[in-house]
Amino acid sequence: MKEQMDQRILEGARDALRSARSVAVLTGAGISAESGIPTFRGAAGLWKQFRPEELATAEAFAGQPELVWEWYDWRRSLIARAEPNAGHYALVELERRVSKFTLITQNVDGLHRRAGSKHVLEIHGTIWNLRCTRCRREWTEMRVPLPLQRCECGGIARPAVVWFGETLPARVWEEAQGAVKSCDVFLVVGTSAVVYPAAGLVPLARSAGARIVEVNIEPTAYSDAVAYALNGPAGEVLPQIC
Ligand code: OAD
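The model shown is predicted, which means the values in this text are computed figures rather than measured ones.

The rules behind each value
Residues numbered from 1 in each chain as written. Predicted model: local features only at pLDDT ≥ 70, side-chain atom pairs only at ≥ 80, totals over all residues. Heavy atoms only, no water. Buried < 20%, exposed > 50% of the residue type's maximum accessible area, 1.4 Å probe, protein only. Helix = DSSP H or I, 4+ residues; strand = E, 2+ residues; numbered from the N terminus. Pairing = 2+ DSSP bridges.

## Notes on the pairing of strand E2 (residues 100–105)
Counting buried positions along E2 yields 5 of 6 residues, so the element is predominantly enclosed. Pairing geometry for E2 and strand E3 (residues 120–122), over 3 bridges, is parallel. Its bridge partner being in E3, Leu103 is matched across the sheet by Val120.

Next up, the structure:
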């Protein structure tokens, strides 16, 4: 019975995507889990018992730059070894088929672009860029491991990602909201959808009348309110529906 229901949901999601002219996608850490990059929340998401909210802030960096840097350096090393997985590639395929496609990601790992996705909005920035805390110069730095860096002006460099309490890059965020408001289908993959403002894209899509498809290994706060909630790993589910 459950299998029949799952099959019906899968087919419904597939049909919705097939007939959509405009698709927006929101991804979170879960899509990169099968590439070996740990998620933020849940048992596997903890690093030395710190929660992301304790490390990913400007205050934490100002107080303990070495500690925060070490956490990011650990993530950079993992990401450098990781490869995009079947979930990332399924979204590349979806982009080829849909006339209007926007991929909004909270991930800073760059794996969507490495897989070949073209229209990607990295609303939380990228871990491969550094920014000077003094003069705000930004540059790309791919070396791993990497000790704490200084800018040529002498200021300490920080990862050019969006931390808790900081605003999202304005133009990128506006474009993300526009894509969500005008899409037929909003596909939400591998996010706990608890971190705002990104999580607000789900109710925004709903109020704009989009059909929402969710792919996650666990139910989220939104699962009951979406048209199709698909329970399973992104690397297995996405190739079946895209
Ligand atoms: P989370 O770690 O909060 O959530 C990951 C989600 O992925 C959970 O809902 C898991 O159930 C799901 N998941 C895990 N493995 C999966 C798989 N193989 N397939 C599908 N789903 C899977 O990550 P995010 O929601 O991305 O922000 O977190 C949002 C933000 O919080 C991040 O961008 C980061 C973090 O702190 C900043 O650093 C500002």
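## Considering unusual backbone geometry
Note the cis peptide between Val144 and Pro145, where omega equals -15°. Positionally, Pro145 belongs in the loop between strand E5 (138–140) and strand E6 (157–161). The amide bond that connects Tyr196 to the next residue, Pro197, takes the cis arrangement and shows omega of 10°. Positionally, Pro197 belongs in the loop between strand E7 (185–189) and helix H9 (201–207). Unlike most non-glycine residues, Ala193 shows phi in positive territory, near 50°. Looking at the element boundaries, Ala193 is found in the loop between E7 and H9. Assessed through its relative accessible area of 9%, Ala193 is described here as buried.

## Some words on the environment of Arg136
Tracing the backbone through its elements, the reader meets Arg136 in the loop between strand E4 (125–132) and E5. You can call Arg136 exposed: its relative accessible area is 58%.

## Some details on the pairing of E6
Counting buried residues along E6, 5 of its 5 residues qualify, which places the element largely inside the surrounding structure. Looking at chain direction, E4 and E6 are connected through 4 bridges and run antiparallel. Residue Leu130 lies in a different strand from E6, and its bridge partner there is Pro159.

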